[in-house]
Amino acid sequence: MAIMNRIWFYLILLAVLAAAYNNSMEAVTKVSFDAAKTAVKLAIGLIGAMTLWLGIMKVAEEAGLLEIISRKVKCILVRLFPNVPPTHPAMSAMVMNISANMLGLGNAATPLGIKAMMELQKLNPHPERATNAMCLFLAINTSNVTLLPLGVIAVRAAAGASQPASIIFPTIFATTCSTIAAIVAAKFLARLSGEEPPPRVDSEEVNNDETKQSKPRDLAVIPKGEKLFLIFTLLLFCGLLLYRIFESPTADTFREIVSFWIVPLLMLGLLFFGYWRGVPVYEKACEGGKEGFQVAVRIIPFLVMILVAIAMFKSSGAFNYLAQLLKPITDPIGFPAEVLPVAILRPLSGSGAFGLMSEIVARAPDSFASYLASTIQGSTETTFYVLAVYFGAVGIKDPRYAVWAALFADFVGIAAAFFICKVTY
């Protein structure tokens, strides 16, 4: 029986038992319906982002950008993903997703990650069962190195922390450790499974069958005058960006540029490349957007089931019992009691953990508990949400060992966050 079946079943079972013991059945009933509505609203909210970004990715694919990126990075990823052909579009899609996650661009990272899963699914001989490459990619994705935890920094600054950005180094350290742990765990579990990896597709075959469809055909020829105008506008944009930086070279300006400039810059860059190569950008964006709409609708059942189970588990009081169960382990090493719920809830609910972290920071912005909670929030991911969305988008029913690899990476990340916070606080 797949691990997700057990996790989902026992979350609901323990939630109902805890609700019966605490006489909180009314609250659990109410939260189950509320969580179902929230999941659907979340999925509907993803429709716009999925439609936009998969449309833009379609333009980049038609222009041949994914193939170019694949060739550039194949020396890095070919050893991690030996069963994915070096020039396959999945390689470049994974790189773009990981890069977006590193910069904290969650709205763009999710569609890019789903695009990578869709490309990996094309190499999957068992469409309902995760491949080794999928498991490794998901494990890396849930533990991806975060360079700028801007949301957490903003909370700390608003609460009046003396050094709101001091968590950047601890966050990078913790996520680096968790990413290494994710890779090691996924590789070890792949060998332990004793199963042969899916057959590797020959690179020439991929070039002939996969990228042939993505390479632009009958591209429009852009007049020389228009090309000069495009170069001028690109230089003008770069000049405005440099002017904005040097006009006010402060940390706030840097955060503003990272927070608000990168997404439009990424969007413009992909579309600029496609237009320069003669791709009919509007038509191809609409074509890719249709696929994004279908994917966003397809993940609704997966989101509803996992978010309802998590909400019931938390509302019933079972979550508090789990925290109490772990206190004999965490208390002797000096792990703050108020931060423990953040560490436990983070893989289950990103918004819930963020709310708890914000409360701790607001109460004592310069305390060790605030420092640790901020680092944990900035260096870990909502594991079950990512697994549900990414696997659900491509119809994977058996995630194999992906859950265990991701949870192990979460544990290592939290332990690394505690260690580095102890050293640097």
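Everything discussed here concerns the structure shown above.
Because the structure is a prediction, the values reported are computed rather than measured.

**Structural notes on the pattern of salt bridges**
Here comes step 1: Scanning the entire structure with this criterion turns up nine salt bridges.
Here comes step 2: For Glu-62, the salt bridge identified is with Lys-58, shortest N-O distance 3.7 Å. In this pair, Glu-62 and Lys-58 are both assigned in helix H2 (residues 25-62), four residues apart and thus about one turn of the helix distant. Of the two residues examined, Glu-62 and Lys-58, each falls in the buried class.

**Digging into the packing of helix H14 (residues 300-315) against helix H19 (residues 383-393)**
Here comes step 1: The N-to-C vectors of H14 and H19 enclose an angle of 165°; their axes lie 9 Å apart at closest approach. Between H14 and H19, the angle is such that the two are roughly antiparallel. Two packed elements cross with a definite hand, and for H14 against H19 that hand is right-handed. Where H14 abuts H19, its residues Phe-302, Leu-303, Ile-306 and Ile-310 lie against Phe-384, Tyr-385, Ala-388, Val-389 and Gly-392.
Here comes step 2: Looking at side-chain class alone, the contact of H14 with H19 contains eight nonpolar, one polar and no charged residues.

**Examining the side chain of Lys-58**
Here comes step 1: A residue is classified by how much of its surface remains accessible, and Lys-58, at 18% relative accessible area, is buried.
Here comes step 2: With sequence-adjacent residues up to four places away left out, Lys-58 is seen in contact with Lys-284, Glu-287 and Gly-288.

**Observations concerning the side chain of Thr-175**
Here comes step 1: Structurally, Thr-175 is set in helix H8 (residues 168-192).
Here comes step 2: Within the local environment of Thr-175, its side chain forms a polar contact with the backbone oxygen of Ile-172, the two atoms lying 3.2 Å apart.

**Overview of the environment of Gly-413**
Here comes step 1: Relative to the helices and strands, Gly-413 resides in helix H20 (residues 402-424).
Here comes step 2: Leave out the neighbours within four places in its chain, and Gly-413 touches Ala-174 and Ser-178.

**Points about the packing of aromatic side chains**
Here comes step 1: Per the counting criterion, the structure on display carries nine aromatic pairs.
Here comes step 2: Between Phe-9 and Tyr-10, the ring centres sit 5.2 Å apart and the planes meet at 75°, which makes this aromatic pair edge-to-face.
Here comes step 3: With relative accessibility at 46%, the residue Phe-9 sits in the partly exposed group.
Here comes step 4: With a centroid separation of 6.4 Å and an interplanar angle of 25°, the aromatic rings of Phe-137 and Tyr-390 are classed as stacked. Here Phe-137 is found in helix H6 (residues 132-142), whereas its partner Tyr-390 is found in helix H19, with 253 residues between them in sequence.

**Overview of a nonpolar patch on the surface**
Here comes step 1: A contiguous nonpolar patch, built from Trp-8, Phe-9, Tyr-10, Leu-13, Leu-14, Leu-17 and Met-305 and spanning about 670 Å² of accessible area, is present on the exposed surface.
Here comes step 2: When residues of the nonpolar patch are assigned to their parent elements, the largest contribution, six residues, is made by helix H1 (residues 3-22).
Here comes step 3: Within the element layout of this structure, Tyr-10 appears in helix H1.
Here comes step 4: For Tyr-10, a relative accessible area of 45% corresponds to the partly exposed category.

Parameters at a glance
- Residues numbered from 1 in each chain as written.
- Predicted model: local features only at pLDDT ≥ 70, side-chain atom pairs only at ≥ 80, totals over all residues.
- Heavy atoms only, no water.
- Salt bridge = Lys/Arg side-chain N within 4 Å of Asp/Glu carboxyl O.
- Helix = DSSP H or I, 4+ residues; strand = E, 2+ residues; numbered from the N terminus.
- Buried < 20%, exposed > 50% of the residue type's maximum accessible area, 1.4 Å probe, protein only.
- Axes fitted to C-alpha atoms, helices over the stretch in contact; angles between N-to-C directions.
- Parallel < 35°, antiparallel > 145°, perpendicular 65-115°, else oblique.
- Left-handed = near helix turned anticlockwise from the far one by under 90°.
- Contact = heavy atoms within 4.5 Å.
- Nonpolar A, V, L, I, M, F, W, Y, C, P; charged D, E, K, R; others polar.
- Polar contact = N/O pair within 3.5 Å; in protein donor to acceptor, adjacent residues only side chain to side chain.
- Phe/Tyr/Trp six-rings, centres within 6.5 Å; stacked < 30°, edge-to-face > 60°.
- Patch = residues over 30% accessible without salt bridge, like charges linked within 9 Å, V, L, I, M, F, W, Y side chains within 5 Å.
- Areas by Shrake-Rupley, 256 points an atom, 1.4 Å probe, with all protein chains shown as cover.

Function-wise, these values are silent; they only describe arrangement.
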